[in-house]
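As a plain string of letters, each chain reads:
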Number of protein chains: 2
Amino acid sequence: RPLCEVLFFPVPVTCPEPALSPGLSCPCPLPHTDSALSRLLRRILAAQRSLELCVFTVSCAPLARAVLQLHLRGVRVRVITDSDYMAASGSQIGALRSAGVIVRHNQTSGFMHHKFVIMDRTVVMTGSLNWTMQAIHTNKENVLISDDQTFVKAYLEEFERLWEEYDPA
Amino acid sequence: RPLCEVLFFPVPVTCPEPALSPGLSCPCPLPHTDSALSRLLRRILAAQRSLELCVFTVSCAPLARAVLQLHLRGVRVRVITDSDYMAASGSQIGALRSAGVIVRHNQTSGFMHHKFVIMDRTVVMTGSLNWTMQAIHTNKENVLISDDQTFVKAYLEEFERLWEEYDPA
Ligand SMILES: [Zn+2]
Ligand SMILES: [Zn+2]
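A.B. asks: Tell me about the coordination of the zinc ion (ligand 2), and please be specific about residues and values.
C.D. replies: All names here are of chain B. Looking at the zinc ion (ligand 2), one finds its protein donor set to be Cys-15 (SG), Cys-26 (SG), Cys-28 (SG) and His-32 (NE2), positioned 2.1 to 2.3 Å from the metal centre. For the zinc ion (ligand 2), the 4 donor atoms in the first shell make angles of 104 to 115° at the metal, a pattern classed as tetrahedral. Read from N- to C-terminus, the donor residues coordinating the zinc ion (ligand 2) fall into the pattern C-x10-C-x1-C-x3-H. Highlighted residues: Cys-15 in the loop between β1 (4–9) and α1 (17–20) and His-32 in the loop between α1 and α2 (36–45), separated in sequence by 17 residues.

Put into structure tokens, the structure is as follows:
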């Protein structure tokens, strides 16, 4: 049956460890309950082969950790982001690059304003959510999740177009 | 068959009149060709009974004109937007209100950052696109369009939640 899910934000601050390190018990004082953030983390961590991340702002540490885990696990991770915001304080793009994740960004004026992710070329997530703590815990935001192949194909094609357009070589 | 469409931006500047005033010939020097903007306009103008608009920034005049046309035609239009940006220069929210469209907005901190629209309770559009000229003609943006009732219902429920939360009474 088709995957049709929508996550809404903001959500209260909870501990990301149950999603990031399942099975380990965490002694921190935050609630260890489920939330739209932990569901987002689990969806991302479910990728087995490939992750295409095309997100304007990436400063949320738990989401960056999930991407890093995939990369370390051998999943093919490609990141496209906005050049202005990747240099901003709090950006996690530098940490991803230092770990060996390939990142490309726009060279021209105009924002690379997308906020979509594709897992294993079979699931796409898109919506208003930038990967920031403010977006997750303060703003009204949505993330639509679908495995409809018409949608997945459209976003994959856009990713490949931008991947070529932003090739620094 | 299900409606599964994704519009990508930016698009070159074209004349919105073929979408806004079909049948009238326009003498302006802009190209009168189809684009992702004219497709967006036609989708919105296809609403017969209701339009729920929940968009962070609304400054694009052609899109505001489409909403106004629906309102004047007797379609039930409800608008939710962000309080900071509705006061910004170029915002079309004042013009919509002056014409009698009911607009509600967030009262608290945190952005009302959604960018979704529901037509006739049967079609939803969501993505990264704010309703600004910069977004349409300069940024990399996406709008997903679906008539999947799971998606439509989720966004309608979010709209009704926010409509109550932002009730000024
Ligand atoms: Zn913890
Ligand atoms: Zn014209």
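Back to the write-up after that little detour.
A.B. asks: So what's going on with the interface of chain B and chain A? Residues and values would help.
C.D. replies: With 37 residues of chain B in contact, the opposing surface of chain A contributes 37 residues. Interface area lost by chain B to chain A is led by Phe8(B), Lys140(B) and Phe151(B), which between them contribute 25%. Seen at the junction of chain B and chain A, the total is 2 salt bridges. Residues Lys140(B) and Glu165(A) are paired through a salt bridge, measuring 3.1 Å at the closest nitrogen-oxygen approach. For the pair chain B and chain A, the number of links is 20 residue pairs in polar contact (both at pLDDT 80 or more). Of all elements in the fold, only β1, β5 (115–119), β6 (123–127), β7 (141–146) and α7 (149–165) of chain B reach the threshold of two or more residues within the side of chain B that touches chain A. Here the element with the most residues in the side of chain B that touches chain A is α7(B); it accounts for 8 residues.

A.B. asks: Could you give an account of the side chain of Glu17(A), with specific residues and numbers?
C.D. replies: Residues and elements named next belong to chain A. Residue position: Glu-17 is located in helix α1 (residues 17–20). A distance of 2.8 Å separates polar atoms of two side chains, one belonging to Glu-17 and the other to Arg-65. Look past the residues within four positions of Glu-17 in its chain and what remains in contact with it is Pro-22, Cys-26 and Arg-65.

A.B. asks: An account of the pattern of salt bridges is requested, with residue identities and associated values reported.
C.D. replies: Summed over all chains, the structure comprises 20 salt bridges over all chains. For the salt bridge of Glu5(B) with Arg43(B), the shortest nitrogen-to-oxygen distance reads 2.6 Å. Separated by 38 residues along the polypeptide, Glu5(B) in strand β1 and Arg43(B) in helix α2 bring together distant segments of the chain. Salt bridges sharing common partners tie together Glu5(A), Arg39(A) and Arg43(A).

A.B. asks: Please set out the sheet that holds strand β7 (residues 141–146) of chain A residue by residue, giving values where relevant.
C.D. replies: If you walk across this open sheet you meet the 7 strands as β1-β7-β6-β5-β2-β3-β4 (chain A), and the pairing is mixed. Each edge of the open sheet is held by one strand with a lone partner, namely β1 (4–9) and β4 (102–105) of chain A. The sheet shows a mean angle of 15° between the axes of neighbouring strands, direction not considered. Packed on one face of the sheet, helix α2 (residues 36–45) of chain A meets β1, β2 (50–55), β5 (115–119), β6 (123–127) and β7 of chain A and runs near 135° to β1(A). Here α7(B) sits on the sheet in contact with β1 and β7 of chain A, set at roughly 20° to β1(A).

A.B. asks: Can you tell me about the environment of Thr57(A), naming the residues and giving the values?
C.D. replies: Residues and elements named next belong to chain A. Along the polypeptide, Thr-57 turns up in the loop between β2 and α3 (61–72). Taking relative accessible area as the criterion, Thr-57 reaches 12% and is therefore assigned buried. A C-alpha to C-alpha distance of 17 Å links Thr-57 and Val-77, two positions 20 residues apart in sequence. In contact with Thr-57, other than residues within four places in its own chain, are Thr-81, Tyr-85, Asn-130, Trp-131 and Thr-132.

A.B. asks: Any details on the coordination of the zinc ion (ligand 1)? Residues and values, ideally.
C.D. replies: Looking at the metal site, the zinc ion (ligand 1) is ligated by Cys15(A) (SG), Cys26(A) (SG), Cys28(A) (SG) and His32(A) (NE2), spaced 2.1 to 2.3 Å from it. Here the zinc ion (ligand 1) binds 4 donor atoms, and the angle range of 103 to 114° at the metal identifies the geometry as tetrahedral.

Calculation criteria
Residues numbered from 1 in each chain as written. Chains lettered and ligands numbered in written order. Predicted model: local features only at pLDDT ≥ 70, side-chain atom pairs only at ≥ 80, totals over all residues. Heavy atoms only, no water. Donors = N, O, S within 2.8 Å, 3.2 Å for Na, K, Ca; no water. Tetrahedral: all angles 85-135°; square planar, octahedral: opposite > 155°, others 65-115°. Helix = DSSP H or I, 4+ residues; strand = E, 2+ residues; numbered from the N terminus. Contact = heavy atoms within 4.5 Å. Buried area = accessible area lost by both parts, 1.4 Å probe. Salt bridge = Lys/Arg side-chain N within 4 Å of Asp/Glu carboxyl O. Polar contact = N/O pair within 3.5 Å; in protein donor to acceptor, adjacent residues only side chain to side chain. Pairing = 2+ DSSP bridges. Axes fitted to C-alpha atoms, helices over the stretch in contact; angles between N-to-C directions. Buried < 20%, exposed > 50% of the residue type's maximum accessible area, 1.4 Å probe, protein only.

Geometric descriptors of this kind do not, in isolation, establish any biological role.
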